[in-house]
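If you want the building blocks of each chain, they are given just below.
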Amino acid sequence: MTYVKSRDSDGRKDLKYPAAPEPLAVPVYDNHAHLEITDGVEPLSLAEQLDRAQAVGVAGVVQASGDIESSRWAVDAAASDQRVLAAVAIHPNDAPTYAEAGQLDHAISVIDELASHPRTRAIGETGLDFFRTEPERQAPQFESFEAHIALAKKHGIAMQIHDRDAHDAVLETLNRVSAPDRTVFHCFSGDDAMARICADAGYYLSFAGNVTFKNAQNLRDALKVTPLDRILVETDAPFLTPVPLRGRPNAPYLIPLTLRFMAAELDMPVDELAARVAANTVAVYGSFED
(Lines give C-alpha, C1' and ligand atoms only; values in the text may rest on other atoms or scores of the structure.)
Protein backbone atom coordinates (compact mmCIF):
# COMPACT_ATOMS: atom_id res chain seq x y z
CA MET A 1 0.00 0.00 0.00
CA THR A 2 2.72 2.44 -0.99
CA TYR A 3 0.71 4.24 -3.69
CA VAL A 4 -0.28 7.65 -2.30
CA LYS A 5 -1.12 10.88 -4.11
CA SER A 6 -1.22 14.41 -2.72
CA ARG A 7 -3.91 16.99 -3.32
CA ASP A 8 -2.84 20.50 -4.33
CA SER A 9 -3.85 23.33 -2.01
CA ASP A 10 -5.75 25.08 -4.86
CA GLY A 11 -5.38 28.37 -3.05
CA ARG A 12 -7.15 27.13 0.07
CA LYS A 13 -6.07 29.03 3.17
CA ASP A 14 -6.83 26.64 6.03
CA LEU A 15 -5.36 23.21 5.41
CA LYS A 16 -5.81 21.85 8.93
CA TYR A 17 -8.24 19.01 9.51
CA PRO A 18 -11.34 20.30 11.37
CA ALA A 19 -12.40 19.18 14.81
CA ALA A 20 -14.61 16.11 14.94
CA PRO A 21 -18.37 16.74 14.85
CA GLU A 22 -20.83 15.32 17.36
CA PRO A 23 -20.99 11.54 16.88
CA LEU A 24 -23.99 9.90 15.26
CA ALA A 25 -26.05 7.65 17.52
CA VAL A 26 -26.83 5.32 14.60
CA PRO A 27 -23.74 4.39 12.57
CA VAL A 28 -23.58 4.97 8.81
CA TYR A 29 -21.04 4.37 6.04
CA ASP A 30 -19.14 6.65 3.70
CA ASN A 31 -20.25 5.40 0.29
CA HIS A 32 -17.34 6.95 -1.65
CA ALA A 33 -13.93 8.30 -0.64
CA HIS A 34 -10.38 8.52 -1.99
CA LEU A 35 -8.25 7.85 1.05
CA GLU A 36 -5.13 7.26 -1.04
CA ILE A 37 -5.07 11.01 -1.68
CA THR A 38 -3.43 12.87 1.18
CA ASP A 39 -4.45 16.41 2.04
CA GLY A 40 -3.80 19.10 4.57
CA VAL A 41 -0.73 20.13 6.52
CA GLU A 42 -0.95 17.01 8.71
CA PRO A 43 -2.02 14.13 6.42
CA LEU A 44 -3.84 11.23 8.02
CA SER A 45 -2.90 7.59 7.51
CA LEU A 46 -5.53 5.05 6.51
CA ALA A 47 -5.80 3.81 10.11
CA GLU A 48 -6.15 7.36 11.42
CA GLN A 49 -8.88 8.09 8.88
CA LEU A 50 -10.81 4.98 9.84
CA ASP A 51 -10.34 5.47 13.58
CA ARG A 52 -11.58 9.06 13.42
CA ALA A 53 -14.55 7.96 11.35
CA GLN A 54 -15.48 5.12 13.68
CA ALA A 55 -15.31 7.45 16.68
CA VAL A 56 -18.14 9.60 15.26
CA GLY A 57 -20.36 6.78 14.02
CA VAL A 58 -19.02 6.21 10.51
CA ALA A 59 -18.51 2.47 10.59
CA GLY A 60 -16.91 1.92 7.20
CA VAL A 61 -15.77 3.43 3.93
CA VAL A 62 -16.10 2.37 0.31
CA GLN A 63 -12.70 3.22 -1.18
CA ALA A 64 -13.19 4.34 -4.79
CA SER A 65 -10.60 4.24 -7.57
CA GLY A 66 -9.71 5.89 -10.86
CA ASP A 67 -6.71 4.09 -12.34
CA ILE A 68 -4.77 0.86 -12.03
CA GLU A 69 -2.64 2.02 -9.13
CA SER A 70 -5.48 3.38 -7.00
CA SER A 71 -7.56 0.27 -7.74
CA ARG A 72 -4.79 -1.94 -6.42
CA TRP A 73 -4.45 0.34 -3.39
CA ALA A 74 -8.19 0.05 -2.74
CA VAL A 75 -8.10 -3.75 -2.78
CA ASP A 76 -5.07 -3.81 -0.48
CA ALA A 77 -6.80 -1.39 1.91
CA ALA A 78 -9.96 -3.49 1.97
CA ALA A 79 -7.97 -6.66 2.53
CA SER A 80 -6.10 -5.07 5.44
CA ASP A 81 -9.06 -3.57 7.35
CA GLN A 82 -12.67 -4.73 7.62
CA ARG A 83 -13.81 -1.13 7.77
CA VAL A 84 -12.98 -0.75 4.06
CA LEU A 85 -14.58 -2.16 0.92
CA ALA A 86 -13.03 -1.60 -2.50
CA ALA A 87 -14.42 -0.13 -5.71
CA VAL A 88 -12.12 -0.49 -8.72
CA ALA A 89 -12.19 1.26 -12.09
CA ILE A 90 -10.59 3.48 -14.69
CA HIS A 91 -11.94 7.01 -14.26
CA PRO A 92 -13.60 8.46 -17.37
CA ASN A 93 -11.04 11.26 -17.49
CA ASP A 94 -8.23 8.71 -17.48
CA ALA A 95 -9.76 6.46 -20.13
CA PRO A 96 -8.60 8.64 -23.08
CA THR A 97 -5.04 8.69 -21.72
CA TYR A 98 -4.94 4.90 -21.47
CA ALA A 99 -6.48 4.63 -24.95
CA GLU A 100 -3.98 7.02 -26.51
CA ALA A 101 -1.16 4.92 -25.05
CA GLY A 102 -2.75 1.75 -26.44
CA GLN A 103 -3.34 0.52 -22.88
CA LEU A 104 -7.10 0.80 -22.32
CA ASP A 105 -7.85 -2.89 -22.98
CA HIS A 106 -5.01 -3.90 -20.66
CA ALA A 107 -6.21 -1.50 -17.96
CA ILE A 108 -9.72 -2.92 -18.12
CA SER A 109 -8.33 -6.45 -17.89
CA VAL A 110 -6.53 -5.45 -14.68
CA ILE A 111 -9.79 -4.05 -13.28
CA ASP A 112 -11.46 -7.33 -14.23
CA GLU A 113 -8.86 -9.24 -12.23
CA LEU A 114 -9.13 -6.93 -9.21
CA ALA A 115 -12.93 -7.14 -9.31
CA SER A 116 -12.71 -10.83 -8.47
CA HIS A 117 -11.31 -10.11 -5.00
CA PRO A 118 -13.92 -10.85 -2.31
CA ARG A 119 -13.44 -7.40 -0.74
CA THR A 120 -14.12 -5.66 -4.07
CA ARG A 121 -17.80 -4.82 -3.97
CA ALA A 122 -18.16 -2.28 -6.77
CA ILE A 123 -16.86 -1.14 -10.12
CA GLY A 124 -16.18 2.55 -9.72
CA GLU A 125 -15.85 5.23 -10.41
CA THR A 126 -16.75 4.92 -14.07
CA GLY A 127 -19.02 6.91 -16.33
CA LEU A 128 -18.74 10.03 -18.48
CA ASP A 129 -17.22 13.45 -17.90
CA PHE A 130 -17.80 16.12 -20.54
CA PHE A 131 -16.43 18.88 -18.28
CA ARG A 132 -12.76 17.94 -18.31
CA THR A 133 -12.55 15.87 -21.52
CA GLU A 134 -12.83 17.50 -24.92
CA PRO A 135 -15.40 16.12 -27.41
CA GLU A 136 -12.71 14.69 -29.67
CA ARG A 137 -11.36 12.59 -26.77
CA GLN A 138 -14.69 11.31 -25.45
CA ALA A 139 -15.02 8.12 -27.52
CA PRO A 140 -12.75 6.13 -25.15
CA GLN A 141 -14.93 7.24 -22.25
CA PHE A 142 -17.94 5.53 -23.83
CA GLU A 143 -15.86 2.43 -24.60
CA SER A 144 -14.55 2.29 -21.04
CA PHE A 145 -17.95 2.97 -19.48
CA GLU A 146 -19.62 0.13 -21.36
CA ALA A 147 -16.76 -2.23 -20.51
CA HIS A 148 -17.09 -1.34 -16.83
CA ILE A 149 -20.85 -1.93 -16.94
CA ALA A 150 -20.12 -5.39 -18.33
CA LEU A 151 -17.61 -6.05 -15.53
CA ALA A 152 -20.12 -5.12 -12.83
CA LYS A 153 -22.57 -7.59 -14.33
CA LYS A 154 -19.94 -10.28 -14.79
CA HIS A 155 -18.86 -10.12 -11.15
CA GLY A 156 -22.33 -9.47 -9.74
CA ILE A 157 -21.25 -6.33 -7.90
CA ALA A 158 -22.43 -2.74 -7.74
CA MET A 159 -21.32 0.13 -9.98
CA GLN A 160 -20.49 3.70 -8.98
CA ILE A 161 -21.06 6.29 -11.70
CA HIS A 162 -19.11 9.49 -12.22
CA ASP A 163 -21.38 11.85 -14.17
CA ARG A 164 -20.21 15.39 -14.86
CA ASP A 165 -22.00 17.50 -17.46
CA ALA A 166 -23.08 14.24 -19.12
CA HIS A 167 -26.49 13.45 -17.64
CA ASP A 168 -28.31 12.58 -20.87
CA ALA A 169 -25.46 10.50 -22.28
CA VAL A 170 -25.05 8.54 -19.03
CA LEU A 171 -28.75 7.77 -18.78
CA GLU A 172 -28.94 6.83 -22.46
CA THR A 173 -25.98 4.47 -22.11
CA LEU A 174 -27.45 2.78 -19.05
CA ASN A 175 -30.76 2.35 -20.82
CA ARG A 176 -29.21 1.09 -24.05
CA VAL A 177 -26.87 -1.54 -22.59
CA SER A 178 -28.88 -2.23 -19.40
CA ALA A 179 -27.52 -1.07 -16.07
CA PRO A 180 -26.18 -3.41 -13.38
CA ASP A 181 -28.70 -4.40 -10.72
CA ARG A 182 -27.11 -2.03 -8.18
CA THR A 183 -26.16 1.23 -9.84
CA VAL A 184 -25.08 4.23 -7.77
CA PHE A 185 -24.80 7.83 -8.98
CA HIS A 186 -21.79 8.91 -6.94
CA CYS A 187 -21.91 12.58 -5.88
CA PHE A 188 -25.25 13.01 -7.62
CA SER A 189 -25.18 16.24 -9.60
CA GLY A 190 -28.56 16.38 -11.33
CA ASP A 191 -31.85 18.03 -10.42
CA ASP A 192 -35.20 16.78 -9.16
CA ALA A 193 -36.32 15.72 -12.65
CA MET A 194 -33.24 13.56 -13.11
CA ALA A 195 -33.60 12.19 -9.59
CA ARG A 196 -37.09 10.98 -10.46
CA ILE A 197 -35.77 9.29 -13.61
CA CYS A 198 -33.04 7.56 -11.63
CA ALA A 199 -35.42 6.48 -8.88
CA ASP A 200 -37.87 5.06 -11.42
CA ALA A 201 -35.01 3.04 -12.91
CA GLY A 202 -34.04 1.71 -9.47
CA TYR A 203 -30.73 3.56 -9.22
CA TYR A 204 -29.24 4.80 -5.95
CA LEU A 205 -28.35 8.47 -5.47
CA SER A 206 -25.36 9.30 -3.28
CA PHE A 207 -25.19 12.82 -1.84
CA ALA A 208 -21.91 14.47 -0.85
CA GLY A 209 -20.94 17.61 1.03
CA ASN A 210 -21.86 19.83 -1.90
CA VAL A 211 -25.54 19.32 -1.04
CA THR A 212 -24.82 21.87 1.72
CA PHE A 213 -23.42 24.49 -0.67
CA LYS A 214 -25.42 27.69 -1.10
CA ASN A 215 -25.54 27.38 -4.89
CA ALA A 216 -26.68 23.73 -4.86
CA GLN A 217 -30.46 24.08 -4.63
CA ASN A 218 -30.76 21.54 -7.45
CA LEU A 219 -29.22 18.91 -5.18
CA ARG A 220 -31.52 19.72 -2.29
CA ASP A 221 -34.50 19.52 -4.65
CA ALA A 222 -33.24 16.15 -5.89
CA LEU A 223 -32.77 14.86 -2.36
CA LYS A 224 -36.36 15.69 -1.46
CA VAL A 225 -37.82 13.61 -4.30
CA THR A 226 -35.48 10.62 -3.90
CA PRO A 227 -37.14 7.61 -2.21
CA LEU A 228 -35.61 6.90 1.19
CA ASP A 229 -34.59 3.42 0.10
CA ARG A 230 -32.43 4.91 -2.66
CA ILE A 231 -30.42 7.50 -0.67
CA LEU A 232 -26.72 7.10 0.16
CA VAL A 233 -24.23 9.54 1.69
CA GLU A 234 -20.56 10.09 0.90
CA THR A 235 -17.66 12.47 1.35
CA ASP A 236 -15.74 12.10 -1.94
CA ALA A 237 -12.88 12.90 0.45
CA PRO A 238 -10.63 14.79 0.34
CA PHE A 239 -12.95 16.90 -1.83
CA LEU A 240 -16.33 18.61 -1.28
CA THR A 241 -16.03 19.40 2.42
CA PRO A 242 -19.48 20.42 3.69
CA VAL A 243 -20.46 23.86 4.95
CA PRO A 244 -19.37 25.44 7.30
CA LEU A 245 -15.95 23.84 6.68
CA ARG A 246 -15.79 24.28 2.91
CA GLY A 247 -12.19 24.58 1.77
CA ARG A 248 -10.77 22.53 4.65
CA PRO A 249 -9.55 18.95 4.12
CA ASN A 250 -12.44 16.51 3.94
CA ALA A 251 -12.52 13.05 5.53
CA PRO A 252 -15.03 10.31 6.38
CA TYR A 253 -15.30 11.53 9.99
CA LEU A 254 -17.13 14.62 8.66
CA ILE A 255 -20.04 12.56 7.30
CA PRO A 256 -22.22 13.53 10.33
CA LEU A 257 -22.31 17.15 9.09
CA THR A 258 -23.72 16.17 5.71
CA LEU A 259 -26.12 13.59 7.13
CA ARG A 260 -27.55 16.03 9.68
CA PHE A 261 -28.01 18.63 6.95
CA MET A 262 -29.82 16.06 4.79
CA ALA A 263 -32.08 15.06 7.69
CA ALA A 264 -33.02 18.69 8.26
CA GLU A 265 -33.83 19.13 4.56
CA LEU A 266 -36.01 16.02 4.68
CA ASP A 267 -37.59 17.09 7.98
CA MET A 268 -36.90 13.74 9.59
CA PRO A 269 -34.95 12.54 12.65
CA VAL A 270 -31.24 12.10 12.09
CA ASP A 271 -31.31 8.60 13.61
CA GLU A 272 -34.05 7.51 11.22
CA LEU A 273 -32.18 8.77 8.17
CA ALA A 274 -28.95 7.19 9.41
CA ALA A 275 -30.64 3.81 9.79
CA ARG A 276 -32.10 4.07 6.29
CA VAL A 277 -28.79 5.08 4.72
CA ALA A 278 -26.89 2.33 6.54
CA ALA A 279 -29.37 -0.29 5.37
CA ASN A 280 -29.16 1.02 1.80
CA THR A 281 -25.35 0.84 1.88
CA VAL A 282 -25.38 -2.79 2.99
CA ALA A 283 -28.02 -3.57 0.36
CA VAL A 284 -25.70 -2.19 -2.34
CA TYR A 285 -22.31 -3.49 -1.19
CA GLY A 286 -23.01 -6.28 1.27
CA SER A 287 -21.65 -6.54 4.79
CA PHE A 288 -18.34 -4.91 5.64
CA GLU A 289 -17.62 -7.82 7.97
CA ASP A 290 -17.78 -10.58 5.34
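Above this note sits the structure.
Everything numeric here is computed off the predicted structure, so don't read it as measured data.

So, on to the packing of helix α5 (residues 139-155) against helix α6 (residues 167-177). It is the contact of α5 with α6, at a shortest axis distance of 11 Å, that shows an interaxial angle of 45 degrees. Relative to α6, α5 is oriented oblique. In this structure, α5 meets α6 at a crossing whose hand is right-handed. Contacts between α5 and α6 involve Phe142, Phe145, Glu146, Ile149 and Lys153 from the first element and Ala169, Val170, Thr173, Leu174, Arg176 and Val177 from the second. The residue inventory of the contact of α5 with α6, partitioned by class, reads 7 nonpolar, 1 polar and 3 charged.

Turning our eyes to something else, we now look at helix α10 (residues 270-285). For α10, spanning 16 residues, the distance from its first C-alpha to its last is 22 Å, which sits close to the expected 22 Å at 1.5 Å a residue. Among the residues of α10, Leu273, Ala274, Val277, Ala278, Asn280, Thr281, Val284 and Tyr285 are the ones counted as buried. When α10 is viewed along its axis, its buried side chains cluster within an angular range of 165 degrees and face the same direction. Count one or two residues on from α10 and you reach Gly286, which has phi positive near 85 degrees.

Applying the stated criterion to the full structure yields 6 aromatic pairs. Arranged with centres 6.5 Å apart and planes meeting at 45 degrees, the rings of Tyr17 and Tyr253 form a pair that is tilted. Of this pair, Tyr17 sits in the loop between β1 (5-6) and β2 (28-33) while Tyr253 sits in the loop between β10 (231-233) and α9 (255-266), and the two are 236 residues apart along the sequence. Given the relative accessible area of 14%, Tyr17 is considered buried.

Another point: the side chain of Ser71. For Ser71, the location among the structural elements is in helix α2 (residues 68-80). Residue Ser71 is classed as buried on the basis of its relative accessible area, which comes to 0%. There is a polar contact of 2.8 Å between the side chain of Ser71 and the backbone oxygen of Asp67. In contact with Ser71, other than residues within four places in its own chain, are Ser65, Val88, Ala89, Ile111 and Leu114.

So, about the packing of α9 against α10. For the pair α9 and α10, the least separation of the axes is 9 Å and the interaxial angle reads 110 degrees. Compared by their axis directions, α9 and α10 come out roughly perpendicular. Crossing handedness for the pair α9 and α10: right-handed. Facing Leu259, Arg260, Met262, Ala263 and Leu266 of α9, the residues of α10 in contact are Val270, Leu273, Ala274 and Val277. Considering only residue class, the contact of α9 with α10 consists of 8 nonpolar, no polar and 1 charged.

To continue, consider the sheet that holds β2. Strand order in this open sheet of 8 strands is β2-β4-β5-β6-β7-β8-β9-β10, and the pairing throughout is parallel. Two strands in the sheet have a free side with no partner beyond their single neighbour: β2 and β10. Pairwise comparison of adjacent strand axes, ignoring direction, gives a mean angle of 30 degrees for this sheet. Bridge analysis of strand β6 (residues 120-129) against strand β7 (residues 158-164) gives 6 bridges, and the strand direction is parallel.

Turning our eyes to something else, we now look at unusual backbone geometry. In the segment running from Gly124 into Glu125, the intervening peptide bond is cis, with an omega of 10 degrees. Mapping Glu125 onto the fold places it in strand β6. In the segment running from Ala237 into Pro238, the intervening peptide bond is cis, with an omega of 10 degrees. Within the element layout of this structure, Pro238 appears in the loop between β10 and α9. Positive phi, close to 45 degrees, is recorded for Cys187, a residue that is not glycine. Residue Cys187 is classed as buried on the basis of its relative accessible area of 13%. Phi at Asp236 takes a positive value of approximately 60 degrees, unusual for a residue other than glycine. As for its position among the elements, Asp236 is in the loop between β10 and α9.

Further remarks concern α6. Because an α-helix completes one turn every 3.6 residues, residues spaced three or four positions apart along the sequence face the same direction. Among the residues making up α6, those that are buried are Ala169, Val170, Leu171, Thr173 and Leu174. On its buried face, α6 is in contact with β6, α5, β7, β8 (183-185) and α7 (192-201). Ser178 lies just past α6 and shows a positive phi near 80 degrees.

Rules used in this analysis
- Counting of residues starts from 1 at the beginning of each chain's written sequence and follows it residue by residue.
- A pLDDT threshold of at least 70 governs which residues receive local features in this predicted model, and a stricter bar of 80 or more applies before side-chain atom pairs are shown or counted, although totals over entire chains, interfaces and linings include all residues.
- By convention in this description, side-chain values take in all heavy atoms of the structure and omit both hydrogens and water.
- Interaxial angle, 0 to 180 degrees, is taken between N-to-C directions of lines fitted to C-alpha atoms, where a helix line uses only the stretch in contact.
- Going along the chain from the N terminus, every DSSP run of H or I of four or more residues is numbered as a helix, and every run of E of two or more is numbered as a strand.
- Between 65 and 115 degrees an angle is taken as roughly perpendicular, under 35 as roughly parallel, over 145 as roughly antiparallel, and anywhere else as oblique.
- Note on convention: the crossing is left-handed when the near helix lies turned anticlockwise from the far helix by less than a right angle, right-handed when the turn is clockwise.
- Residues count as neighbours in contact if any of their non-hydrogen atoms are within 4.5 Å of one another.
- Amino acids outside the nonpolar list (Ala, Val, Leu, Ile, Met, Phe, Trp, Tyr, Cys, Pro) and the charged list (Asp, Glu, Lys, Arg) are all regarded as polar, and Gly is one of them.
- Multiplying 1.5 Å by the helix residue count minus one yields the expected span of that helix.
- Using a 1.4 Å probe on the protein chains alone, a residue whose accessible area is under 20% of its type maximum counts as buried, one over 50% counts as exposed, and one in between counts as partly exposed.
- It is the directions from the helix axis to the C-beta atoms that the arc portrays.
- Only centres within 6.5 Å qualify two rings of Phe, Tyr or Trp (six-membered ring in Trp) as a pair; their planes then separate them into stacked at under 30 degrees, edge-to-face at over 60, and tilted for everything else.
- Pairing of N or O atoms within 3.5 Å defines a polar contact, subject to two protein rules: one partner must be a possible hydrogen donor and the other a possible acceptor, and residues neighboring in sequence count only if both atoms are side-chain atoms.
- Should DSSP find at least two bridges between two strands, the strands are taken to pair.

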